[in-house]
Amino acid sequence: MADKRYTGSWESIQKHEVPKWYDDAKFGIFIHWGIYSVPAYAPHTWELGDAQVTDWFCNNPYAEWYYNSVNVGRGPGYEHHVEKYGADFKYEDFIPMWKAENWNPDEWARIFKKAGAQYVVLTTKHHDGFCLFPSKYTDFNSVKMGPERDITGELTDAVRSAGIRMGLYYSGLIDWQFANDPIFDDDDLFGTASPTYAYADFSYNQMKELIDKYEPSVLWNDIGWPKQSEEAMPYLFAHYYNKVRDGVVNDRFNGKHYDFLTKEYQVGEMDRSQKWEMCRGMGLSFGYNEIEGDDQLITVPKLVNLLVSTVANNGNLLLNIGPKADGTIPAEQVRRLEILGEWLSVNGVGIFGTHPSDRESEIREDGMELHYTRKDHVLYVFADGLKDGVNEFLISDFHGNLRPLDERLQIETIPAGDGLLVRTKNYQAGMYAIGLTSEG
Ligand SMILES: C[C@@H]1N[C@H](CN)[C@@H](O)[C@H](O)[C@@H]1O
């Protein structure tokens, strides 16, 4: 029987279920690349969630917010711009400087594949309104100017050739080509949001354009969707699901329908019963920030811990890279992807295609963490926060045996009461979080 078709009603849309591929994927690569990658600057201030909103926008660590950081007329972003480029240098003057002269999309896809990424999400239009695809609704795009290439199309082809799914990010509510008053706080942010019906039509048409042209596996909308076209959303989702049967949409279309919830940098409230996704940059920014060197980026142990703790609690990790304007990925970001890929090549069997165990994650006072996943009858245990050499931890209410996924690791297991005591004999820090399996 032909697949059921969705109709333009909330009732029909809400019947869509999270496809297996997305639940199994666990790890994707986010990419923020745009005009802002030319100045590549933001103050290294706070992680999202750690700052007062009133402080955030004039000290914004998101380099992709460069336009607004200058537009506010004060703060480190503005001062940096005036000092380096002069007060008369306009954001659009960066466009001819974005040449992507060293961009090889196949090389990016190779790096993502080696990292173990199962999907990619690329910014097709960020808040600055510049489109990385040949939109018929605006010439403010990467084919008509700047790189003079269909970045979305070329990367989609390269990523899919590497056997990785392609998703698309779209800034549905904010577009500084339509409303560009400086944003100092959330009232300004939502005050500039989707100012007119003309913009609502524009964004609806562009989203449909992206669906029809690229058939993305993920529609990753950001901040919200124009209220003026909210009642038309079921038609857009029906069109999408009918065209991309196993496509997924995130919760940032005003939260009226979603396949997965999104978190940004901080987990906050956790509901393991729903599929969710954590996104973050490797530093405090999504766009490339030239003052974020190796020391300012998340360490590899913390990156592995983030992946393990996210997956164990029913999440996917969407880890961002911020490419340089020339199209190369900063070496310190590539190194983290390579090491994560090496870890996954040994421990990925306990990550990909698994489901959360009914065992909750345990964060012990001594800093050790235990996270659990399962695949059918097999239990996977991930222990983190270990010290070199000998570590002991108890898996309670467990009557099987466990063996390490990393052959270098030597462990002893001793039945203890209703559980199993695990003792590592030769743990080394470079093993990061260790994976154990109950599979014989
Ligand atoms: C993934 C991130 N989302 C925020 C909005 N929460 C954006 O403002 C930011 O630039 C980045 O795209």
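Given the structure is predicted, the values throughout are model-derived calculations rather than measurements.

(A) Quick peek at the overall build of the protein. When helices and strands are tallied, the protein shows 12 helices and 17 strands. Relative to the compact-globule value of 22 Å for 440 residues, the protein shows a C-alpha radius of gyration of 23 Å, a close match. In terms of its C-alpha atoms, the protein occupies a principal-axis envelope of roughly 70 × 60 × 40 Å. Split into buried and exposed, the 440 residues of the protein put 58% on the buried side. For the protein, restricting intrachain contacts to residue pairs at least 6 apart in sequence, the fraction spanning at least 24 positions comes to 69%. Just so you have it, the protein exposes about 17800 Å², and 47% of that area is on carbon and sulfur atoms.

(B) Quick look at the site of the ligand. Near the ligand there are 13 residues, and of these His32, Glu64, Trp65, His127 and Asp222 occur at the shortest range. A distance of 3.3 Å is found between an oxygen atom of the ligand and a side-chain nitrogen or oxygen belonging to Tyr169. Note that a nitrogen atom of the ligand is positioned 3.4 Å from one of the side-chain N or O atoms of Arg252. Burial of the ligand by the protein amounts to 90% of the accessible area it has alone, namely 320 Å².

(C) Examining the environment of Arg74 more closely. Along the chain, Arg74 falls in the loop between α4 (66–71) and α5 (76–85). A residue is classified by how much of its surface remains accessible, and Arg74, at 49% relative accessible area, is partly exposed. If near-sequence neighbours (up to four positions away) are discounted, Arg74 is found in contact with Cys58, Ser69 and Phe184.

(D) Expanded view of the environment of Val304. When you line up the elements, Val304 lands in helix α11 (residues 300–312). For Val304, a relative accessible area of 1% gives the class buried. Taking the C-alpha atoms as reference, Val304 lies 24 Å from Ile291; in sequence the two are 13 residues apart.

(E) Local environment of the UniProt feature "site: May be important for catalysis" (unreviewed entry) in the protein. Feature annotation in UniProt assigns "site: May be important for catalysis" (unreviewed entry) to the following positions: Cys279. Mapped onto the fold, Cys279 is located in strand β7 (residues 276–280). Look at Cys279 and you get buried, because its relative accessible area is 1%. Not counting residues within four places of it along the chain, the set of residues in contact with Cys279 comprises Phe30, Trp220, Lys263, Glu264, Tyr265, Phe286 and Leu318.

(F) A look at the sheet that holds strand β13 (residues 389–395). Strand order in this open sheet of three strands is β13-β16-β15, and the pairing throughout is antiparallel. The sheet terminates laterally at β13 and β15 (411–416), the two strands that pair on one side only. The average undirected angle you get between the axes of adjacent strands in this sheet is 15°.

(G) Quick peek at the environment of Gly353. Relative to the assigned elements, Gly353 resides in the loop between α12 (331–347) and β9 (355–356). Discounting chain neighbours no more than four positions away, the residues touching Gly353 are Asp24, Lys26 and Lys375.

(H) Spotlight on helix α6 (residues 105–115). Every buried residue of α6 is listed here: Pro105, Trp108, Ala109, Ile111, Phe112 and Ala115. The buried residues of α6 all sit within an arc of 160° when viewed along its axis, so they share a single face. Between the side-chain oxygen at the start of α6 and the backbone nitrogen of Asp106 there is a gap of 2.9 Å, and the oxygen is on Asn104. Count one or two residues on from α6 and you reach Gly116, which has phi positive near 95°.

(I) Spatial organisation of the packing of aromatic side chains. Summed over the entire model, instances satisfying the criterion amount to 38 aromatic pairs. Here Phe57 and Trp65 contribute two aromatic rings whose centre-to-centre distance is 5.4 Å and whose plane-to-plane angle is 50°, an arrangement assigned as tilted. Taken individually, Phe57 and Trp65 each receive the classification buried, so the pair is uniform in this respect. Each ring, one from Tyr199 and one from Phe202, has its centre 6.0 Å from the other, and the planes form 35°; the classification is tilted. Of this pair, Tyr199 and Phe202 both sit in helix α9 (residues 197–214), three residues apart, roughly one helical turn. Taking relative accessible area as the criterion, Tyr199 reaches 0% and is therefore assigned buried. On the basis of relative accessibility, which here comes to 9%, the residue Phe202 falls in the buried class. Through a chain of ring-to-ring contacts, the aromatic side chains of Phe57, Trp65, Tyr66, Tyr67, Tyr85, Phe89, Tyr91, Phe94 and Trp176 assemble into a single cluster.

(J) Looking closely at the pattern of salt bridges. With the rule as written, the count across this model stands at 22 salt bridges. Glu107 is paired through a salt bridge with Arg110; the nearest N and O atoms lie 2.8 Å apart. In this pair, Glu107 and Arg110 are both assigned in helix α6, three residues apart and thus about one turn of the helix distant. On the accessibility criterion, Glu107 (30% relative accessible area) is partly exposed. Shared partners join several salt bridges into a network, and the residues in it are Lys208, Asp212 and Lys243.

(K) Geometry of the sheet that holds strand β4 (residues 218–221). Across the sheet, which stays open at both edges, the eight strands sit in the order β5-β4-β3-β2-β1-β8-β7-β6 with parallel pairing between neighbours. Two strands lie at the open edges of the sheet, namely β5 (248–249) and β6 (261–264), each paired on one side alone. Across six bridges, strand β2 (residues 119–125) lies against strand β3 (residues 165–170) in parallel orientation. Among the inter-strand pairings, Leu122 is bridged to a residue of β3, identified as Leu168.

(L) Broad picture of the domain arrangement of the protein. The domain architecture assigned to the protein consists of domain 1 (10–350) and domain 2 (357–438). Spacing between the C-alpha centres of domain 1 and domain 2 amounts to 35 Å. Residue-level contacts link 16 residues of domain 1 with 20 residues of domain 2. The largest share of the area that domain 1 buries against domain 2 comes from Arg272, Val349 and Gly350, three residues that together contribute 31% of it. Inspection of the region where domain 1 meets domain 2 yields eight residue pairs in polar contact (both at pLDDT 80 or more). By residue class, the composition of the side of domain 1 that touches domain 2 is 10 nonpolar, five polar and one charged.

The rules behind the values
Numbers given to residues run from 1 along each chain, matching the order in which its sequence is written. Since the coordinates come from a predicted model, pLDDT governs what is reported: local features require at least 70, and pairs of side-chain atoms require 80 or more to be given and counted, while whole-chain, interface and lining totals use all residues. Water and hydrogen atoms were dropped before computing side-chain values, which therefore reflect all heavy atoms in the structure. Under the DSSP-based scheme used, a helix requires at least four consecutive residues in state H or I and a strand at least two consecutive residues in state E, with every element numbered from the N terminus. Based on C-alpha atoms, the radius of gyration is set beside the globule rule, defined as 2.2 Å times the residue count to the power 0.38. Throughout, exposure labels follow a simple rule: accessible area from a 1.4 Å probe, protein chains only, divided by the maximum for the residue type, with under 20% read as buried, over 50% as exposed, and the rest as partly exposed. By definition in these notes, contact holds between two residues if any of their heavy atoms fall within 4.5 Å. Using a 1.4 Å probe, accessible areas were evaluated by the Shrake-Rupley method; residue-level cover was limited to the displayed protein chains. Here, proximity means that at least one heavy atom of the residue falls within 4 Å of the molecule or strand. Here a polar contact is recorded for every N or O atom pair within 3.5 Å, except that within protein the pair must consist of a potential hydrogen donor and a potential acceptor, and residues adjacent in sequence are included only if both atoms are side-chain atoms. UniProt positions are given in the numbering used here, feature names are shortened, and annotations may be inferred rather than shown by experiment. Any two strands are treated as partners once DSSP identifies two or more bridges connecting them. With axes taken as lines fitted to C-alpha atoms, and helix axes fitted only over the stretch in contact, angles between N-to-C directions fall between 0 and 180 degrees. Taking the helix axis as origin, the arc is that swept by the directions to the C-beta atoms. Note on aromatic pairs: the rings of Phe, Tyr and Trp (six-membered ring only in Trp) are paired at centre separations within 6.5 Å, and the planes decide the class, stacked below 30 degrees, edge-to-face beyond 60, tilted for the rest. The term salt bridge refers to a side-chain nitrogen of Lys or Arg lying within 4 Å of a carboxyl oxygen of Asp or Glu. How far each domain reaches was decided by an automatic or database domain assignment. The quantity reported as buried area is the accessible area (1.4 Å probe) lost by two parts once they are put together, taken as the sum for both. Each residue receives one of three labels: charged for Asp, Glu, Lys and Arg, nonpolar for Ala, Val, Leu, Ile, Met, Phe, Trp, Tyr, Cys and Pro, and polar for the others, Gly being one of them.

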